[in-house]
Amino acid sequence: MKKISFRTDVLPLKNELFRLALRITLNREDAEDVVQETMIRVWNRRDQWEQIESIEAFCTTICRNLALDKTKRASNQDASLDDEGHDAPDHSYSANPEEQAMQRDKVERVRRLMDQLPEKQRTCMQLRDVEGKSYKEIAAVMDITEQQVKINIFRARQSIKQEYLKQEQYGL
């Protein structure tokens, strides 16, 4: 087994863990708390690191579980992401400000639709489409089969597509 170092193997995961926690909790401060608690728990279990196959999957699983616990306790499923939590928009596709504004609006609508998905679908989609994880990695993190991951991602994408088209056709 590879020798695991907190500084080089665990700390670089903090931004990825934050994005995952933010997607689940929908609250910047809660996500920061979840990441901090994740780091503490990972550190406290350092004597078990040698038996861990993937420190990334280990950390992500802890973070996901803590975020879900915090969400259940806070019952804040109807909150939306803070604007601060969003990445800067990509301006490379067009020089036309109107097109840029329309594109930003579309991205924001998709993010709001993602926020309304059931937790399992939202997390699978976040890990796959935003974090770029493989089906196998997602299955390990969420403790479900790869087939269940694929089904959740398919259903999430279908729901977003249907709702987006409905909004396009009938308005917000």
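Here the residue numbering is sequential within each chain, running from 1 through the sequence in written order. Since the coordinates come from a predicted model, pLDDT governs what is reported: local features require at least 70, and pairs of side-chain atoms require 80 or more to be given and counted, while whole-chain, interface and lining totals use all residues. Remark: hydrogens and water are excluded; side-chain values derive from all non-hydrogen atoms of the structure.

Student: Go over unusual backbone geometry, please, and point to the residues and values.
Tutor: One non-glycine residue, Leu26, adopts positive backbone phi at about 65 degrees. Working definition: helices are DSSP H or I runs of at least four residues, strands are E runs of at least two. Numbering for both runs from the N terminus. Tracing the sequence through the fold places Leu26 in the loop between α2 (14-25) and α3 (28-44). When its relative accessible area of 3% is taken as the criterion, Leu26 is described as buried. Relative accessibility thresholds used throughout: buried, under 20% of the residue-type maximum; exposed, over 50%; partly exposed, between the two (1.4 Å probe, protein chains only).

Student: Please provide a residue-by-residue account of the packing of α2 against helix α6 (residues 119-130), values included.
Tutor: At a minimum axis distance of 10 Å, the contact between α2 and α6 shows a crossing angle of 155 degrees. By the criterion of interaxial angle, the relationship of α2 to α6 is roughly antiparallel. Crossing of α2 against α6: the hand is right-handed. Two secondary-structure elements touch here, α2 through Arg19, Leu20, Arg23 and Ile24 and α6 through Arg122, Thr123, Gln126 and Leu127. Its residues placed into classes, the contact of α2 with α6 shows three nonpolar, two polar and three charged. The axes used here are C-alpha line fits, helices contributing only the stretch in contact, and every angle between their N-to-C directions lies in the interval 0 to 180 degrees. Any angle between 65 and 115 degrees counts as roughly perpendicular, while under 35 counts as roughly parallel, over 145 as roughly antiparallel, and the rest as oblique. A crossing counts as left-handed when the near helix is turned anticlockwise from the far one by less than a right angle, and as right-handed when that turn is clockwise. Whether two residues are in contact is decided by their heavy atoms, any of which lying within 4.5 Å being enough. The nonpolar class holds Ala, Val, Leu, Ile, Met, Phe, Trp, Tyr, Cys and Pro. Asp, Glu, Lys and Arg form the charged class, and all remaining residues, Gly among them, are polar.

Student: Got a sec to walk through the confidence of the model for the protein chain? Specific residues and values, please.
Tutor: Across the protein chain, the average pLDDT comes to 82, with 85% of residues at or above 70. Confidence of the predictor at the level of single residues is given by pLDDT, which spans 0 to 100. Mean pLDDT values over the elements of the protein chain span from 81, in helix α5 (residues 97-115), up to 92, in α3. Across residues 76-93, where pLDDT falls below 50, the model places 28 contacts with residues more than four positions away in sequence or in other chains.

Student: Which residues make up α6, and what are the values?
Tutor: Expected span, for any helix, means 1.5 Å times one less than how many residues it has. Between its first and last C-alpha, α6 extends 15 Å over 12 residues, near the 16 Å set by a 1.5 Å rise per residue. Here α6 has its buried residues at Gln121, Arg122, Thr123, Cys124, Met125, Gln126 and Leu127. Once α6 finishes, Gly132 follows within two positions and takes phi at roughly 75 degrees, a positive value.

Student: So, the nonpolar core: which residues are in play, and what are the values?
Tutor: For the purposes of this section, nonpolar cores are sets of buried Ala, Val, Leu, Ile, Met, Phe, Trp, Tyr and Cys residues that join through side-chain atoms within 4.5 Å. Formed by 35 residues in total, the largest nonpolar core has its most connected members in Val10, Val42, Trp49 and Ile55. Listing elements by their share of this core, those giving two or more residues are α1 (6-10), α2, α3, α4 (55-74), α6, α7 (135-142) and α8 (146-170). For Ile55, the contacting residues outside a window of four places in its chain are Ile4, Asp9, Val10, Leu13, Val42 and Trp49. Membership of the second largest hydrophobic core comes to seven residues, among which are Met114, Leu117, Met125 and Ala156.

Student: A description of the side chain of Lys133 should follow, citing residues and the corresponding values.
Tutor: Locating Lys133 in the fold gives a position in the loop between α6 and α7. A residue is classified by how much of its surface remains accessible, and Lys133, at 8% relative accessible area, is buried. Engagement of the side chain of Lys133 in a polar contact is seen with the side chain of Glu16, the distance being 2.5 Å. Those residues in contact with Lys133, other than ones at most four positions away along the chain, are Glu16, Glu56, Leu127, Arg128 and Ile138. Any N or O atom pair separated by 3.5 Å or less is treated as a polar contact, with the protein-specific requirement of one donor-capable and one acceptor-capable atom, and with residues adjacent in sequence counted only for side-chain atom pairs.

Student: Let's hear about the packing of α2 against α3: which residues, and what values?
Tutor: Viewed as axis vectors pointing N to C, α2 and α3 meet at an angle of 130 degrees, and their least axial separation amounts to 8 Å. Regarding the angle of α2 to α3, the classification is oblique. Crossing hand, α2 versus α3: right-handed. Across the interface between the two elements, Lys14, Leu17, Phe18, Ala21, Leu22 and Thr25 from α2 touch Arg28, Asp30, Ala31, Glu32, Val34, Val35, Thr38 and Met39 from α3. Grouping the constituent residues of the contact of α2 with α3 by class yields eight nonpolar, two polar and four charged.

Student: Provide a residue-level description of the packing of aromatic side chains, including the pertinent values.
Tutor: Ring geometry is summarised as follows: Phe, Tyr and Trp rings, the Trp one being its six-membered ring, pair when their centres sit within 6.5 Å, and such pairs are stacked at plane angles under 30 degrees, edge-to-face over 60 and tilted between the two. Scanning the model with the defined rule gives three aromatic pairs in all. Aromatic pair Phe6 and Trp43: ring centres 5.4 Å apart, planes at 80 degrees, arrangement edge-to-face. Of the two residues, Phe6 sits in helix α1 while Trp43 sits in helix α3, which places them 37 residues apart along the sequence. For Phe6, a relative accessible area of 19% gives the class buried. On the basis of an interplanar angle of 70 degrees and a centroid distance of 6.2 Å, the ring pair of Trp43 and Trp49 is categorised as edge-to-face. On the basis of relative accessible area, Trp49 is assigned to the buried category, the value being 6%. An aromatic cluster is present here, built from Phe6, Trp43 and Trp49 joined pairwise through their rings. Seen from the ring of Tyr135, Arg128 lies directly overhead, with NZ or CZ sitting 4.1 Å from the centre. In this scheme, Lys NZ or Arg CZ marks a charge over a ring once it lies within 6 Å of the ring centre and within 35 degrees of the ring normal.

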